[in-house]
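Residues per chain, in single letters:
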Amino acid sequence: MPALTMDQVQQLNSYSIYTTEPKRTLFTLADIHKDFYHPDFLNLMMGITDAATETAAISHFARRYGMFFAMQLYMLAAYDEVWDGKPIELRFDAAKEFNSFTVAMFVNPNDWRYVEENERQVVIEKILYDGHVIVQQLRKVTSISPLTIWENFFGYLLWHYHILLSNPGLADQAMDDIEILEDPKTWARFSNKSWWAQYTGGLSPTNLVNVPVRKSCCFSKDIPGLMACGFCPMKK
């Protein structure tokens, strides 16, 4: 398994994904897979964020996991690498960023591996299915739309693909991966449509960076210290 370079570590750090040991582990990704843990998880997220509603607290976590979701596809396109760790090894701790409390992720830098070209489709399908499992579990915690969660994941990914498409050395690979994401067959394990294609309308990420894309509200407006996103569909 490859060790991450310093540049890769810094890229992960910029999205609150750290390769150091956390001071403590409040919970792991494996915990979220356990239905009996959900009340404790909700209480933690309500306490950390001081959110006005349960939906806002869980949506906030979805945005944080969305950083990891998007970085997996970025690392795949940019470096042909993918995270191959176990859910129990993806750990979360409380952190303070820009004077507001949130959760940060901690991973083992040795849990990334190289991806062969003939397994790329399968790897992307797995990333999506893992995201689907998180969507299903978060919806058991409180009332929240799957559209909200997927759009929380895709917001970061849209930016990553815009950057990749701007790089002549990476644009072709990024475009190939986008075509895989747009294909409903890639999602067939749990959906009859491509949630990504629905999100983008089939347009290039570069054409969507500074325009409204979301159809749902992420509820950041209900988290103290955060503002409604600039493209909130609830702003009329």
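Residues numbered from 1 in each chain as written. Predicted model: local features only at pLDDT ≥ 70, side-chain atom pairs only at ≥ 80, totals over all residues. Heavy atoms only, no water.

A. Structural detail: the overall build of the chain. Each helix and strand counted, the chain has eight helices and six strands in total. Ordered by position in the sequence, the α and β elements of the chain form the string α-β-β-α-α-α-β-β-β-β-α-α-α-α. Against the compact-globule benchmark of 18 Å for 236 residues, the chain has a radius of gyration of 17 Å, which places it among compact chains. Along the three orthogonal principal directions, the C-alpha set of the chain runs to about 45 × 45 × 35 Å. Counting across all 236 residues of the chain, residues that qualify as buried make up 53%. Roughly 11200 Å² of accessible area belongs to the chain as shown, and the carbon and sulfur atoms make up 53% of that amount. (Helix = DSSP H or I, 4+ residues; strand = E, 2+ residues; numbered from the N terminus. Rg over C-alpha atoms; globule rule 2.2 N^0.38 Å. Buried < 20%, exposed > 50% of the residue type's maximum accessible area, 1.4 Å probe, protein only. Areas by Shrake-Rupley, 256 points an atom, 1.4 Å probe, with all protein chains shown as cover.)

B. Representation of the environment of Ile149. Locating Ile149 in the fold gives a position in helix α6 (residues 146-165). Measuring from C-alpha to C-alpha, the distance between Ile149 and Gly131 comes to 9.4 Å, with 18 residues separating the pair along the chain. For Ile149, the contacting residues outside a window of four places in its chain are Ala62, Val135, Leu138, Arg139 and Ile144. (Contact = heavy atoms within 4.5 Å.)

C. Region of interest: the packing of helix α3 (residues 38-49) against helix α5 (residues 120-141). The geometry of α3 relative to α5 is characterised by a closest axis approach of 9 Å and an angle of 80° between their N-to-C directions. As far as their axial angle goes, α5 and α3 are roughly perpendicular. Counting all contacts with α3, which are made through His38, Phe41 and Leu42, the residues of α5 involved are Gln137, Leu138, Lys140 and Val141. Taken together, the residues of the contact of α3 with α5 sort by class into four nonpolar, two polar and one charged. (Axes fitted to C-alpha atoms, helices over the stretch in contact; angles between N-to-C directions. Parallel < 35°, antiparallel > 145°, perpendicular 65-115°, else oblique. Nonpolar A, V, L, I, M, F, W, Y, C, P; charged D, E, K, R; others polar.)

D. Structural detail: the layout of surface pockets. Counted as a void, the largest pocket has a volume near 860 Å³. Lining the largest pocket are 33 residues, with Arg63, Gly155, Tyr156, Cys218 and Cys229 sitting closest to its centre. For the lining of the largest pocket, the secondary-structure elements that each account for two or more residues are α4 (54-79), β5 (100-106) and α6. The leading source of residues in the lining of the largest pocket is α6, at six residues. (1 Å grid on protein atoms, 1.4 Å probe; cavity = no way out; pocket = protein on both sides within 12 Å on 5 of 7 lines; lining within 4 Å. Points joined across faces, edges and corners; volume = space filled by probe spheres on them.)

E. The arrangement of the sheet that holds strand β1 (residues 17-18) in detail. The four strands are arranged β1-β5-β4-β2 in an open sheet whose pairing can be described as mixed. Here the strands that pair on one side only, and so sit at the sheet edges, are β1 and β2 (27-28). The strands that α3 touches are β2, β4 (91-97) and β5; relative to β5, the one it contacts most, it runs at about 130°. On the sheet, α4 packs against β1, β2, β4 and β5 and is oriented at approximately 35° with respect to β5. (Pairing = 2+ DSSP bridges.)

F. Region of interest: the environment of Met46. Considering the arrangement of structural elements, one finds Met46 in helix α3. Given the relative accessible area of 26%, Met46 is considered partly exposed. In this structure the C-alpha to C-alpha distance between Met46 and Ala56, which are 10 residues apart in sequence, comes to 8.7 Å. When near neighbours in sequence (up to four residues on either side) are disregarded, Met46 contacts Ala51, Thr53, Glu54 and Ala57.

G. A look at helix α7 (residues 171-182). Between its first and last C-alpha, α7 extends 16 Å over 12 residues, near the 16 Å set by a 1.5 Å rise per residue. Every buried residue of α7 is accounted for by Ala171, Gln173, Ala174, Asp177, Ile178, Ile180 and Leu181. Close packing links the buried residues of α7 with α4, α5, α6 and α8 (195-200). (Expected span 1.5 Å × (residues − 1).)

H. Quick peek at the pattern of salt bridges. Across all of its chains, the model carries 13 salt bridges by this definition. Put simply, Lys34 and Asp31 hold a salt bridge, and the shortest N to O gap is 3.4 Å. Note on Lys34: relative accessible area 35%, which makes it partly exposed. By relative accessible area, which is 17% here, Asp31 ends up buried. For Asp222, the salt bridge identified is with Lys221, shortest N-O distance 3.2 Å. When salt bridges that share partners are traced, they join Asp80, Glu117, Arg120 and Asp177 into one network. (Salt bridge = Lys/Arg side-chain N within 4 Å of Asp/Glu carboxyl O.)

I. Broad picture of the pairing of β5. Among the seven residues of β5, six are classified as buried, and the element is accordingly described as predominantly covered. Bridge count between β1 and β5: two bridges; the pairing is parallel. Directly across from Tyr18, in β5, lies its bridge partner Phe106. In terms of strand pairing, β4 meets β5 through seven bridges, oriented antiparallel. Along β5, the bridge assignment pairs Phe92 with Met105. Taking the residues that link successive antiparallel strands as the turn, the β4-β5 hairpin has two residues, and the phi of Phe98 there is positive, at about 50°.

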